[in-house]
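If you want the building blocks of each chain, they are given just below.
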Amino acid sequence: MTYQGVLSKYGGLLDLPPHTSASAVSLLEGNTPLIRADNLARRLGGGFELFIKYEGLNPTGSFKDRGMTAAVSEALGRSALSVICASTGNTAASAAAYAARAGMKSVVLIPQGKVAAGKLAGAAAYGAKVIQIEGSFDDALTMVIEISNKHPICLVNSINPYRIEGQKTAAFEICDVLESAPDWLCLPVGNAGNITAYWAGFKQYDKLKSTGLPQILGVQAAGAAPLVLGHTVENPETVATAIRIGRPARAEQALQAAQESNGRIIAVTDQEILNMQKMLAELEGIWVEPASAAGLAGLALEIAAMAFNPRGKRIVAVCTGHGLKDPEAITDRMSAPWVVPPKLAALEEIILG
Ligand code: AN7
């Protein structure tokens, strides 16, 4: 049978109300490739297997689509007319796309001036009402919780339990491809929905199919690292705007995932994130947005610090969003391209000279 999205493939394993499946709103999300990254593994010292779970290849360019198909299908199933979310950008684009397909209205609240171009453009293209808040993502999240409690607008941030259910499917896919869980899973952590979903997914699959459990390495940006610091961050700041979050909604569950899996949550600097973004693109041909390089940057740091020995291990790095989401992360820093007159001699001089 042709592929029909994560609810169709894994719906039986997801804790969703019965009205959900009948109204499935899907863009055939999920089924993303797990790509071997031998060049990068070698650069990091070698001796282990490294795979990239390339979530940037989802329909709107990020992993959010896995949870959004579940949340919007559930909302439509009980005849909700509109959805709302706070977002650093990817949730906004995903919510807007799935709402559009469902014939629902969407409202997205974003922190003013801190959302990457491809995400803002996506939300607008899919027809969302886009509202900039003169504040942080955390301020915006507080506001959407309040308004959705007061009015019949469905909240589709990852506080919505169906988002987590849908996002568990990424863990199922990894186990299905590898025929077991990896030894380590590293991923970026912002509002902490995804790490919560992966851990729940791996635990469920292990019970069902004895696939084993990975150790989880959650990685935050140093300027937005409440889970590492042990307290909320009032003014989070990082080049990885997707994870510019100071008060994660699922902080406790993230810490629990790290602890139960015998893993950890660490922070990396913006420079380490940008270096890894380039390294992944230049060594493997995989361009991800800055936040999505954080998991790998954390892995590199752990290996360099000899915090753990990767030898013989199977490691999966989740790359959550596509590089095209945030072109300025590259173009703002690159040297200007060569300019030559349309003459062969000039071209030869640059290429051969
Ligand atoms: C590319 O879109 O929070 O820890 O509002 O876009 O589950 O929050 C995005 C988060 C990682 C962190 N990578 O995931 C939003 C938003 C990318 C992201 C994360 C996000 P969570």
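On a predicted model such as this, the values are computed, not experimentally measured, just so you know.

**Things to note about the site of the ligand**
The immediate surroundings of the ligand are formed by 23 residues, with Thr-91, Asn-191, Ala-192, Asn-194 and Thr-320 found nearest. Interatomic distance of 2.8 Å between a backbone N/O atom of Thr-88 and an oxygen atom of the ligand. Burial of the ligand by the protein chains amounts to 98% of its free accessible area of 470 Å². In this structure the site holding the ligand corresponds to the largest cavity. Elements represented by at least two residues in the shell around the ligand include exactly α5 (90-102) and α10 (193-209).

**Points about the sheet that holds strand β9 (residues 264-268)**
Read across the open sheet, the six strands follow the order β1-β2-β10-β7-β8-β9; overall the sheet is mixed. Sheet topology places β1 (34-36) and β9 at the edges, where each strand pairs with a single neighbour. On average, each strand axis in the sheet is tilted by 25° relative to the strand beside it, whichever way the strands run. Summarising the sheet, strand β7 (residues 184-188) and strand β8 (residues 215-221) pair through five bridges and their orientation is parallel.

**Overview of the domain arrangement of the chain**
Each assigned domain of the chain is listed here: domain 1 (6-61 + 163-331) and domain 2 (64-159). With centres defined by C-alpha atoms, the gap from domain 1 to domain 2 works out at 22 Å. At the interface, 45 residues of domain 1 touch 39 residues of domain 2. Of the roughly 3400 Å² buried between domain 1 and domain 2, counting both surfaces, carbon and sulfur atoms make up 52%. In this assembly, domain 1 and domain 2 are joined by five salt bridges. Our enumeration of links across domain 1 and domain 2 arrives at 21 residue pairs in polar contact (both at pLDDT 80 or more). Put simply, the parts of the chain that give the side of domain 1 that touches domain 2 at least two residues each are α1 (6-10), α2 (19-22), α8 (161-167) and α9 (169-178). The element best represented in the side of domain 1 that touches domain 2 is α8, accounting for four residues. Residue classes in the side of domain 1 that touches domain 2 are distributed as 15 nonpolar, 17 polar and 13 charged.

Definitions and cut-offs
Per chain, residues are indexed from 1 in the order of the written sequence. For a predicted model such as this one, the threshold for reporting local features is a pLDDT of at least 70, and the threshold for listing and counting side-chain atom pairs is 80 or more; totals across whole chains, interfaces and linings nevertheless cover every residue. Side-chain figures throughout are based on the complete set of non-hydrogen atoms in the structure, without hydrogens or water. Any residue with a heavy atom lying within 4 Å of a molecule or strand is counted as near it. Identification of polar contacts relies on pairs of N or O atoms within 3.5 Å, with a donor-acceptor requirement for protein atoms, meaning one able to donate a hydrogen and the other able to accept it, and with residues adjacent in sequence counted only if both atoms are side-chain atoms. Note that accessible areas follow from Shrake-Rupley with a 1.4 Å probe, and for residues the cover is restricted to the protein chains shown. Within this scheme a cavity is a closed region of a 1 Å grid, computed over the protein atoms alone, that accommodates a 1.4 Å probe without allowing it to escape, whereas a pocket is open but has protein on both sides within 12 Å along at least five of seven lines; lining residues each have an atom within 4 Å of a point. Put plainly, a molecule is in a cavity or pocket when over half of its atoms are within 2 Å of the grid points there. Numbered from the N terminus, helices here are DSSP runs of H or I no shorter than four residues, and strands are runs of E no shorter than two. Two strands pair if DSSP finds at least two bridges between them. The angle between two axes is taken between their N-to-C directions and runs from 0 to 180 degrees, where each axis is a line fitted to C-alpha atoms and a helix contributes only its stretch in contact. Where a domain begins and ends is set by an automatic assignment or by a domain database. Contacts are residue-level and defined by heavy atoms, with any inter-residue pair within 4.5 Å sufficient. The term buried area denotes the loss of accessible surface (1.4 Å probe radius) that occurs when two parts are joined, taken as the sum for both partners. For this analysis, a salt bridge means a side-chain nitrogen from Lys or Arg found within 4 Å of a carboxyl oxygen belonging to Asp or Glu. Ten residue types, Ala, Val, Leu, Ile, Met, Phe, Trp, Tyr, Cys and Pro, are classed as nonpolar, four, Asp, Glu, Lys and Arg, as charged, and the remainder, Gly among them, as polar.

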